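Now for the letters of each chain:
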Amino acid sequence: MSVTLTQRSDVTVTRSELEDFLFYEAALLDAWELTEWLTLFAEGADYWVPPAGSSDDADPANKLFYVADDYFRLTERVKRLGKKAAHVEWPKSRCRHLVSNVRILDGTDDSFRVTSNFVTYRSKNGSTEIYLGHHIYTMSLTGGDIKILKKVSFLDVDNLNDQGKVSIII
Amino acid sequence: MSAIKADTIIEPYVLENRGQSLFQVNRRVFVDDKILTLEERRIFDKCWLYIGHESELPEPGDFLTRDVGGRELIFVRSQDDVVRAFFNTCPHRGAIVCREKQGNEKMFRCMYHAWAFDLGGKLISRPEDERYHAEGGDDIHDLVSVAHLENYRGLYFVNFDEAATEDLSSYLAGAKEFIDLTVDQSEVGMEIVGGTQEYGFDANWKLLAENSFDGYHGMPTHTTYFDYVIAAGGQLGDAGTRVNEIHDLGNGHAAIEYGGPWGRPVAKSVAGWGEQGEADTAALRAGLERRFGKERADRIAYHNFNMLIFPNLVINNIMAVTFRTFYPQAANKQHVKAWALAPKDESKIMRQRRLYNFLEFLGPGGFATPDDCEALKMCQQGYQNLNYTAWNDISKGMGENSQITTDEEQMRVFWREWDRRIQGAEK
Ligand code: FES
Ligand SMILES: [Fe+2]
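Residues numbered from 1 in each chain as written. Chains lettered and ligands numbered in written order. Predicted model: local features only at pLDDT ≥ 70, side-chain atom pairs only at ≥ 80, totals over all residues. Heavy atoms only, no water.

### Observations concerning the coordination of the iron ion (ligand 2)
Residue and element names in this part refer to chain B. Selection rule: Counted as donors are the N, O and S atoms within 2.8 Å of the metal, or 3.2 Å for Na, K and Ca, while water is not among the atoms, so some sites may look incomplete. In short, tetrahedral needs four donors with all angles between 85 and 135 degrees, square planar needs four and octahedral six donors with opposite donors over 155 degrees apart and all other angles between 65 and 115, and whatever is left is irregular. Helix and strand assignments come from DSSP, with helices taken as H or I runs of at least 4 residues and strands as E runs of at least 2, each series counted from the N terminus.
Only H217 (NE2), H222 (NE2), D372 (OD) and D372 (OD) from the protein coordinate the iron ion (ligand 2), and they sit 2.1 to 2.4 Å from it. Around the iron ion (ligand 2) sit four donor atoms, and with donor-metal-donor angles ranging over 57 to 146° the site reads as irregular. The motif formed by the donor residues of the iron ion (ligand 2), counted along the single chain, is H-x4-H-x149-D. Placement of the pair is H217 in the loop between α4 (205–212) and α5 (218–231) and D372 in helix α9 (residues 369–382), with a sequence separation of 155 residues.

### Digging into the packing of aromatic side chains
All names here are of chain B. To be explicit about the condition: Whether two aromatic rings pair depends on their centres lying within 6.5 Å, for rings of Phe, Tyr and Trp, where Trp uses its six-membered ring; planes under 30 degrees apart make the pair stacked, over 60 edge-to-face, and the rest tilted. With a 1.4 Å probe rolled over the protein chains alone, any residue whose accessible area is under 20% of its type maximum counts as buried; one over 50% counts as exposed, and the rest are partly exposed.
Within the structure shown, the criterion is met by 27 aromatic pairs over all chains. Ring centres of F30 and W415 lie 5.7 Å apart, and the angle between their planes is 90°; on these two criteria the pair is classed as edge-to-face. Taken together, the residues F30 in the loop between β2 (22–26) and α1 (33–44) and W415 in helix α10 (residues 409–422) connect sequence positions 385 residues apart. Judged by its relative accessible area of 0%, W415 falls in the buried class. The interplanar angle of 75° and the centroid separation of 4.9 Å between the aromatic rings of F178 and F305 together place this pair among those described as edge-to-face.

### A short note on the nonpolar core
Side chains of a nonpolar character, in soluble globular proteins, are inclined to be buried together. Note the threshold: To form a nonpolar core, buried Ala, Val, Leu, Ile, Met, Phe, Trp, Tyr and Cys residues must be joined to one another through side-chain atoms within 4.5 Å. Domain delimitation in this document rests on an assignment produced automatically or drawn from a domain database. In this analysis, two residues are considered to be in contact whenever any of their non-hydrogen atoms come within 4.5 Å of each other.
Ranked by internal contacts, the top residues of the largest apolar core, which has 156 residues, are W37, M139 and L155 of chain A together with M307, F323, W415 and W418 of chain B. Domain assignment of the residues forming this core places at least three in each of domain 1 (49–159) and domain 2 (184–422) of chain B. The residues contacting M307 of chain B, other than those within four sequence positions of it, are A175, F178, I179, F213, L249, A254, A255, L313, V314, I315 and N316 of chain B. Counting 13 residues, the second largest nonpolar core, distinct from the first, contains V76, C90, F108 and F117 of chain B.

### Some details on the sheet that holds strand β16 (residues 304–309) of chain B
Residue and element names in this part refer to chain B. For the record, the criterion: For two strands to pair, DSSP has to find at least two bridges joining them. Axes, fitted as lines to C-alpha atoms, cover a helix only where it is in contact. Angles between the N-to-C directions of the axes lie from 0 to 180 degrees.
Spatial ordering of the open sheet is given by β13-β19-β18-β17-β16-β15-β14, a layout of seven strands whose pairing is antiparallel. With one partner strand each, in any of the chains shown, β13 (190–201) and β14 (244–250) form the two edges of the open sheet. For this sheet, the mean inter-axis angle between neighbouring strands, taken without regard to orientation, is 15°. For strand β15 (residues 253–258) and β16, the ladder comprises five bridges, and the chain directions are antiparallel. By the bridge assignment, A254 is partnered in β16 with L308. Its contacts with the sheet put α10 on β14, β15 and β16, and the angle it makes with β15 is roughly 170°.

### Quick notes on the side chain of S140 of chain A
Here S140 of chain A lies in strand β7 (residues 127–142). Residues contacting S140 of chain A, with those up to four places away along its chain left out, are D110, F112, D145, I146, K147 and L149 of chain A.

### What to know about the sheet that holds strand β11 (residues 148–152) of chain B
All names here are of chain B. Read across the sheet, three strands follow the order β3-β12-β11 without closing on themselves; strand pairing throughout is antiparallel. Of all the strands in the sheet, just β3 (49–53) and β11 have a single pairing partner and so form its edges. Direction aside, neighbouring strands of the sheet carry axes that sit 30° apart on average.

### Observations regarding the interface of chain A and chain B
Cut-off, in case you're wondering: Note on terms: buried area is the combined drop in 1.4 Å-probe accessible area of two parts once they are placed together, counting the loss on both. Counting of polar contacts relies on pairs of N or O atoms within 3.5 Å, with two restrictions inside protein: one atom must be capable of donating a hydrogen and the other of accepting it, and residues adjacent in sequence are counted only when both atoms are side-chain atoms. Each residue is assigned to one class: nonpolar for Ala, Val, Leu, Ile, Met, Phe, Trp, Tyr, Cys and Pro, charged for Asp, Glu, Lys and Arg, and polar for all the others, Gly among them.
With 32 residues of chain A at the interface, the matching set in chain B holds 36 residues. Roughly 2900 Å² of surface becomes buried between chain A and chain B when both sides are summed, with 52% attributable to carbon and sulfur atoms. Remark: the boundary between chain A and chain B carries 20 residue pairs in polar contact (both at pLDDT 80 or more). Looking at the side of chain A that touches chain B, the elements that each hand over two or more residues are β4 (67–69) and α3 (71–81) of chain A. The biggest single contributor to the side of chain A that touches chain B is α3 of chain A, with five residues. The residue makeup of the side of chain A that touches chain B, split by class, is 13 nonpolar, eight polar and 11 charged.

### Some details on a negative patch on the surface
Applied cut-off: Each patch is assembled from residues with relative accessible area greater than 30% and no salt bridge, linking like charges that lie within 9 Å and nonpolar side chains (Val, Leu, Ile, Met, Phe, Trp, Tyr) that lie within 5 Å. Calculation of accessible area relied on Shrake-Rupley with a 1.4 Å probe; when residues are assessed, cover is drawn exclusively from the protein chains displayed. Any carboxyl oxygen of Asp or Glu within 4 Å of a side-chain nitrogen of Lys or Arg constitutes a salt bridge here. Note on charges: Lys and Arg go in the positive column, Asp and Glu in the negative column, and His and the chain ends are not counted at all. Charged side chains are reduced to one point each, which is NZ for Lys, CZ for Arg, CG for Asp and CD for Glu.
Side chains of D56, D57, D59 and D156 of chain A sit close together on the surface and give a patch of like negative charge. Considering the arrangement of structural elements, one finds D59 of chain A in the loop between β3 (41–49) and β4.

### Overview of the environment of G277 of chain B
In this structure, G277 of chain B sits in helix α6 (residues 274–292). For the pair G277 of chain B and E40 of chain B, spaced 237 residues apart in sequence, the C-alpha separation works out to 47 Å.

### Quick notes on the pairing of β13 of chain B
Residue and element names in this part refer to chain B. Counting buried positions along β13 gives nine out of 12 residues, so the element sits mostly inside the fold. Strand direction decides the pairing type here: β13 and strand β19 (residues 333–343), joined by nine bridges, are antiparallel. Within the sheet, the bridge partner assigned to E191 lies in β19 and is A342.

### Side note on the pattern of salt bridges
Should the charged atoms of two oppositely charged side chains come close, the side chains can pair. One pass over the full model with this rule turns up 45 salt bridges over all chains. In this structure, E360 of chain B and R73 of chain A form a salt bridge, with 3.7 Å as the shortest nitrogen-oxygen distance. Here E360 of chain B is found in helix α8 (residues 348–361), whereas its partner R73 of chain A is found in helix α3 on a different chain. In this pair, the class of E360 of chain B matches that of R73 of chain A, namely buried. Among the salt bridges present, the one from E346 of chain B reaches R351 of chain B, with a minimum N-O distance of 2.7 Å. Neither residue differs from the other here; E346 of chain B and R351 of chain B are each classed as buried. Overlapping salt bridges bring together D158 of chain A together with D67, K101, E198 and K337 of chain B as one network.

### Brief notes about the domain arrangement of chain B
Residue and element names in this part refer to chain B. Assigned domains of chain B: these are domain 1 (49–159) and domain 2 (184–422). A C-alpha centroid distance of 33 Å is found between domain 1 and domain 2. On the side of domain 2, 16 residues touch domain 1, which itself brings 13 residues to the contact. Approximately 1200 Å² of surface area, both sides summed, lies buried where domain 1 meets domain 2, with 61% of it carried by carbon and sulfur atoms. Run the count over domain 1 and domain 2 and you get three salt bridges. Between D67 and K337 there is a salt bridge; the shortest N-O distance is 2.8 Å. Taken together, the links from domain 1 to domain 2 amount to five residue pairs in polar contact (both at pLDDT 80 or more).

### Looking at unusual backbone geometry
The omega angle of the peptide bond from W90 of chain A to P91 of chain A is -10°, so this bond is cis rather than trans. Residue position: P91 of chain A is located in the loop between α3 and β5 (94–107). The residue after F310 of chain B, namely P311 of chain B, is reached through a cis peptide bond having omega 5°. Mapped onto the elements of the fold, P311 of chain B is located in the loop between β16 and β17 (313–317). Residues other than glycine seldom take positive phi values, yet N125 of chain A does so here, at roughly 55°. In this structure, N125 of chain A sits in the loop between β6 (112–124) and β7. Accessibility expressed as a relative area gives 45% for N125 of chain A, which makes it partly exposed. Positive phi, normally seen in glycine, also occurs at R153 of chain B, with a value near 50°.

Here you go:
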């Protein structure tokens, strides 16, 4: 499967290209290479984690999200996680991001939406937490590069009683 | 963690020596199952416990299910517009009657044998009703109401103790003043925004009681948050007020009151909100002044407070307003529920600022709360050594003429009340 942008018939991206991109993103997150990870986002991008069990149209204007970062705060989040004083992630937890079920949802004028399922394991201090759900990305192609305009990570769980926090990028 | 045998508990649990300005808490109170059982009987079975806010049930028929103090409850606004609380347990053979988190219904029907109840809890139908001939009280087949349900300014509390003699208003004592300071932000009332955050972690519930109004840990635990505030255009020291006080509010409730560098969607702007933010907060402040006069308006606008209503309702009126409850699942594990409160008539932009503020500090994805949870987990883990190092020190500020928010008097207020109740002492 592939998607062609309606305004730019010359621009086509295939699912396997997108999978490569998402697997690369997961590898950066597993390695805690967050500064590099941030370069996958376009300036002005958003990163959201709606409350557990939310539907795909959840909106931070009227729902109490866990994370509703604009680009500034996302940048600050990355800076924070690079510091030793981000106590919850120091010493760093070990993480594995598994990504599957990649599908292209739709394309618009100059962006397209991609979904994937995820299971992310976070292990620290003798316990392992499991985050599971699906991502919906809005992406664009800029000069041949895929850039994330928005990443929304939906946690398909009842609540965070077992995980306690969203202190990693999931 | 290895269990501590009940017969190894060493009293006292709380030691206060005013002469030596020393206040200590026995670390066993965080790990011991016998203490947990005492807490269930002498605290959670006896105290007024927060169940929810009136705005969560705006219309007749609205309900939500919530566990409060280890009980599964239905919190509902009946057709007659009366707010009620029932045990969510079928009088037939005990199944959970209402299995949804929230909704609007005309009746509740148990899934198991289809007994149906109206929103007043009355049994209205059941299959093969003609085959029941039991004599007894009229109500033995109805949903059971909790013993007491009362509200103060829209905040509903339950009390499971049939014999409770103290009503909510007198129980809340001085805490009412701080509820007023929060609710008075709006002329038309406050509302819970965007649902309930639910998260859990491995630490005794009393550690979160302490942490929720611990002014001493702010800088060391949350430096990354303060870095962020500065990056976002806030200025440390730019507080709008010099207040720095601890209040003993009676009955184990306490609050710290202080200025802070962040913007308050009530009526304190920060550089990051721009000229528009200045104009918006000036208008809000003028409204407060008209209603309350300058002094109280300033207090509502500028003063932050973190309050604990004994045993476990936190109201933090800071860069946003949060309510929080937390209950033990075990001595070393708790479940937290957290909410955001906002004026019903808040402008769209101010609501945005409020929720943006909330998420930058609070909740499972905030820049601060996860570090708090980590600190409390580290304490819990440290208590494995309690046979060798048995006491927490809560003495900061003792022997001083006045208490400031980085002292620990507010925690001593909590612990004195906790100890009094656990010892079964009269007031
Ligand atoms: S248990 Fe509810 S109807 Fe039987
Ligand atoms: Fe904190």
